[in-house]
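Read off the chains here:
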Amino acid sequence: MNRIHTIHVIPTLPKKLERLRSVALDLHWVWSPDAIDLFRRLDQDLWVHTEQNPVRMLAEIGQERLENIASDEGFLAQLDRIWHTFESYRKESTWYQKTFTNHKKLKIAYFSAEFGLHESLPVYSGGLGVLAGDYLKAASDLGIPIIGVGLAYQKGYFRQYLNADGWQQESYPENDMFCLPIELLRDEASGKPIECNVWVGSRDVALHIWRVQIGRTELYLLDTNVLANDPEDRKITETLYGGGYETRIRQEIVLGIGGLIALEKLGIDATIFHLNEGHSAFMALERIRKLMEESQLTFEEARLAAKSSNVFTTHTPVPAGIDRFGKDLIDKYFQSYWPQLGLDRRSFFALGGADPDKTDTTFNMAILAIKLSATTNGVSQLHASVSRNMWKDLWPGVHKSEIPILGITNGVHAPSWISDDMRRLLDRELGPRWEENPLGTQMWKRVQQISNEEIYRMRERLRRRLIAFSRKRLRKQLSQRNANPSEIEQVGNVLDMETLTIGFARRFATYKRAGLLFSDRERLLRILTNPQKPVQLIFAGKAHPADEPGKRIIREIVHFARDERVRNRIVFIEDYDINVARHMVQGCDVWLNNPRRPLEASGTSGMKAAVNGVLNCSTLDGWWDEAFSPKIGWAIGHGETYDDVKLQDKVESEALYDILEEHIVPLFYHQDSLGVPRAWTNMIKDTLEIVFPRFVMARMVDEYTQQAYLPCLERYERLSEDGFKRTRELNSWTHKIQNNWSAVKVLDVVDNSPAQLHVGESINVTTTVSLGQLEPSDVCVEAFRGPLSGDRELQKGDGIALSFIERDERGNCIYGGDLLCDSSGYFGYAIRILPCHEDVLRSMEMGYVVWES
């Protein structure tokens with residue numbers, strides 16, 4: 001068949017049910033219990049069968065059932081109420097509108113390779129995508145003007161199942177795109193799909209665009225599975241993180257460059273561009289190219305302008321996790337592109353930190369993103385510190401504590417993850433404001449008034465639901481493996497409704513150490529089988545298809561779980577996804593996380609557990625390094641790092657066993673006459689009070705808005721005034737700095753400090769500096785002051801600005817000022833000179849620093 005004509009057939013809904021379609025296509029229902037209840041009410045079994053996908057459900061439901069429900073007045077009243085609630089939600093005044101009345105031009109384009117919004121839209125693999133999905137939901141709640149840009153994967157990430165030996169297998173079922181909660185955008189006049197094109201290598205690739213409605217927010221997914229495309233190009237958006245490096249670079253061209261082209265096609269004029277990881281960094285190049293073409297700017301001028309409104313979030317704490325492409329791929333896909341930027345091959349490669357003359361060089365997408373973004377941030381305070389150390393060579397001479405990488409700790413969209421029980425409890429005790437404005441710390445103090453008994457009964461219900469869910473999944477897993485009927489029948493004995501339940505669910509990368517708890521199996525056996533105080537474990541997670549060590553860990557856990565002594569105490573739930581995660585973070589008693597510090601950039605599963613009243617036990621890594629308090633959980637170790645990983649595993653596994661035996665298990669089973677562990681439930685209340693206002697997505701969105709988006713917007717608006725006049729002036733000034741910086745020197749430093757000073761006293765510092773052809777207005781001269789370490793090094797400090805006094809007879813510049821000694825200890829200072837300009841967001845970002853020698 002040379003040609004196939006396509007027809008899109010949609011369900012015939014009775015007129016009274018037409019609003020069901022619009023509700024199903026607005027993922028606001030994901031965090032609307034009333035809407036979810038409506039779909040369950042339509043057909044409970046079909047809701048489960050379609051994996052809670054309302055669009056697929058409406059496609060498969062019988063016409064007779066639709067006709068019957070159309071005469072159900074109760075159902076129609078509920079549908080009408082939900083529809084009006086959604087409409088009111090979109091129209092009501094938002095937090096952003098009330099807080100930032102003068103920033104109406106802000107519109108953020110948020111690029112990410114994956115978005116985890118709900119299990120019914122499988123275009124995600126794990127934490128990065130779930131974070132991006134939560135971010136769009138929170139942006140909707142707060143009214144942040146944001147647009148998501150991603151890829152529409154025909155097969156998404158792999159589905160996991162285990163063979164009889166416990167070895168992970170992968171399958172890639174195709175998504176029926178027309179049965180997902182998304183809409184293919186069509187031209188209103190012709191009815192044909194809206195199409196745009198991006199050049200990928202030697203071919204022009206057509207893209208279709210799917211829209212995902214998320215309350216007030218929209219996400220656009222690009223699709224290369226277009227009939228007019230070459231068969232190879234149709235597969236570009238086939239799988240998430242599938243294929244080799246060539247597939248990856250083609251996907252990233254479509255995401256970055258194609259994403260920008262798609263926004264233009266849709267008439268969306270974004271003012272801030274947020275790169276969620278480096279996958280979309282080619283977008284920054286396309287912005288430069290467009291500015292050069294449309295505003296007649298040079299490459300350097302366009303780079304300054306585009307960079308001023310780009311924000312880059314890095315999620316990777318190790319260089320091995322960064323996308324890198326070899327010379328052959330960069331040549332193949334960009335040799336016709338860099339001339340459009342006015343660059344030669346060497347200059348283009350340098351943007352990605354590569355040298356084309358070296359055989360082993362690679363083009364680094366994170367370096368490209370950092371170099372072309374005004375703001376770079378890590379996803380926890382510890383991760384920001386790790387990232388500053390990892391990327392310090394990009395800013396030679398800048399003190400390690402001042403490398404311009406911010407720390408904006410991740411958060412979670414609590415309404416998407418908390419149980420209905422917890423939601424009802426918070427609604428009753430705190431009122432609706434906990435969801436509208438979750439950052440009010442005073443409000444959260446009221447959780448202490450909730451009775452311990454009520455808290456614990458709620459937690460018991462959630463544990464029982466998780467166990468029922470786990471048994472159901474286990475039966476399904478055994479049936480798919482053609483297990484013995486007697487083995488399937490025994491599933492009813494697996495896990496106990498009253499037993500302390502510990503959950504571990506995440507990607508099975510080796511640094512996450514899913515097997516740490518199994519280091520001493522005899523000791524673990526004693527903990528699990530204690531007749532008075534038993535413990536049970538629920539595990540879930542996928543290993544990357546190429547990660548053999550990760551697959552071995554899964555297999556070892558499954559084999560251990562088959563030991564007759566513990567076969568009712570351990571369950572491994574296959575095919576970890578958002579649905580499994582939701583049940584686990586709601587139903588476990590303890591959330592276990594034991595990565596090797598500092599390799600967990602943030603981690604958000606523990607936050608999701610915490611907002612459900614689950615207590616955390618974790619190494620001090622990622623978010624837990626900030627959150628930990630003995631009031632809300634347990635820390636494995638004290639934040640140590642080890643050169644010998646085997647020693648680390650031994651020490652920390654023994655520490656974990658000690659915590660379980662001496663703290664967690666006794667505390668859980670220390671119950672009063674009503675069967676309530678009061679000390680345990682007090683910790684639950686402390687967890688809710690502390691975690692909710694600090695680690696929800698609303699706080700994270702607020703920090704991005706205040707620390708990144710608005711400063712970048714103000715800078716871009718200045719630089720683009722009068723046909724980018726200030727951009728051209730800034731570029732001329734930058735060249736002036738570059739051409740004259742080698743002549744800048746600190747010549748002399750004089751202070752009046754005695755051997756000792758008292759707190760509150762000051763010392764006067766005077767320095768003479770040579771600026772060459774630069775003027776005092778071009779630089780900042782500072783005394784960098786801070787506490788000294790044992791080796792007399794400044795570990796951190798603050799730059800205290802010194803004032804220009806005069807020029808001496810040789811033309812050198814004299815600066816001076818007072819340094820206040822505001823605390824006791826052993827301090828030091830050093831004089832430094834930085835370039836300074838009102839249109840440079842942060843002095844450090846240029847990477848030019850001269851220190852006193």
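All of the points below concern the structure found in this document. (Residues numbered from 1 in each chain as written. Predicted model: local features only at pLDDT ≥ 70, side-chain atom pairs only at ≥ 80, totals over all residues. Heavy atoms only, no water.)

## Observations regarding the pattern of salt bridges
Phase 1: Overall, the coordinates contain 64 salt bridges when judged by the stated rule.
Phase 2: Measuring nitrogen to oxygen at the nearest pair gives 2.5 Å for the salt bridge that ties Glu574 to Arg481. Residue Glu574 is found in the loop between strand S17 (570–573) and helix H25 (578–587), and its partner Arg481 is found in the loop between helix H21 (452–480) and helix H22 (485–489); the two are separated by 93 residues along the sequence.
Phase 3: With a relative accessible area of 5%, Glu574 lands in the buried category.
Phase 4: Look at Arg481 and you get partly exposed, because its relative accessible area is 27%.
Phase 5: By sharing partners, the salt bridges in this structure join Arg203, Asp230, Glu232, Asp233 and Arg250 into a single network. (Salt bridge = Lys/Arg side-chain N within 4 Å of Asp/Glu carboxyl O. Helix = DSSP H or I, 4+ residues; strand = E, 2+ residues; numbered from the N terminus. Buried < 20%, exposed > 50% of the residue type's maximum accessible area, 1.4 Å probe, protein only.)

## Looking at the nonpolar core
Phase 1: Counting residues in each nonpolar core, the largest one holds 228 residues, and the members touching the most others are Phe282, Phe334 and Phe348.
Phase 2: Broken down by element, this core gets its largest block of residues, 11 residues, from helix H30 (residues 697–719).
Phase 3: Among all residues touching Phe348, those that are not within four sequence positions of it are Leu285, Ile330, Phe334, Tyr337, Trp338, Leu341, Leu343 and Phe363. (Core = buried A, V, L, I, M, F, W, Y, C linked by side-chain atoms within 4.5 Å. Contact = heavy atoms within 4.5 Å.)

## Structural notes on the packing of aromatic side chains
Phase 1: Using the criterion set out here, one finds 40 aromatic pairs in the structure.
Phase 2: With 5.2 Å between their ring centres and 65° between their planes, Phe178 and Trp210 make a pair best called edge-to-face. One end of the pair, Phe178, is in the loop between strand S4 (168–171) and strand S5 (183–184); the other, Trp210, is in strand S7 (residues 203–214), with 32 residues separating them in the sequence.
Phase 3: Residue Phe178 is classed as partly exposed on the basis of its relative accessible area of 35%.
Phase 4: Owing to a relative accessible area of 3%, Trp210 belongs among the buried residues under this scheme.
Phase 5: Taken together, the ring pairs in this structure connect Phe282, Phe334, Tyr337, Trp338, Phe348, Phe349 and Phe363 into an aromatic cluster.
Phase 6: A cation over an aromatic ring shows up here: Lys542 above the ring of Phe158, its NZ or CZ 4.9 Å from the ring centre. (Phe/Tyr/Trp six-rings, centres within 6.5 Å; stacked < 30°, edge-to-face > 60°. Lys NZ or Arg CZ within 6 Å of the ring centre and 35° of its normal.)

## Regarding the sheet that holds strand S23 (residues 779–787)
Phase 1: On the basis of which strands lie adjacent, the open sheet formed by 4 strands has the order S24-S23-S27-S28 and antiparallel pairing. Edge strands, defined here as strands with exactly one partner in the open sheet, are strand S24 (798–801) and strand S28 (850–851). (Pairing = 2+ DSSP bridges.)

## Digging into the sheet that holds strand S16 (residues 535–540)
Phase 1: In spatial order, the strands read S17-S16-S15-S18-S19-S20; together these 6 strands make up an open sheet with parallel pairing. The open sheet has two free edges, formed respectively by S17 and strand S20 (633–636), since each of these has just one partner strand. For this sheet, the mean inter-axis angle between neighbouring strands, taken without regard to orientation, is 20°.
Phase 2: In this structure, S16 lies alongside S17, joined through 4 bridges in parallel fashion. Following the sheet pairing, Ile538 is matched in S17 by Val571. (Axes fitted to C-alpha atoms, helices over the stretch in contact; angles between N-to-C directions.)

## Regarding the pairing of strand S22 (residues 762–770)
Phase 1: Here 6 bridges tie strand S21 (residues 745–751) to S22, and the two strands are oriented antiparallel to one another. Of the residues in S22, the one forming a bridge with Val749 is Thr767.
Phase 2: Two strands pair when backbone bridges link them, and S22 and strand S26 (residues 813–820) are joined in this way by 8 bridges, in the antiparallel orientation. Paired with Ser762 across the bridge in S26 is Leu820.

## Overview of the pairing of strand S10 (residues 310–313)
Phase 1: Every second residue of S10 is oriented toward a common face, with Asn310 and Phe312 on one face and Val311 and Thr313 on the other, all of them buried.
Phase 2: Two strands pair when backbone bridges link them, and strand S9 (residues 272–276) and S10 are joined in this way by 4 bridges, in the parallel orientation. Within S10, the residue paired with His274 across the bridge is Val311.
Phase 3: In this structure, S10 lies alongside strand S13 (residues 375–378), joined through 3 bridges in parallel fashion. Bridge pairing in S13 places Phe312 opposite Thr376.

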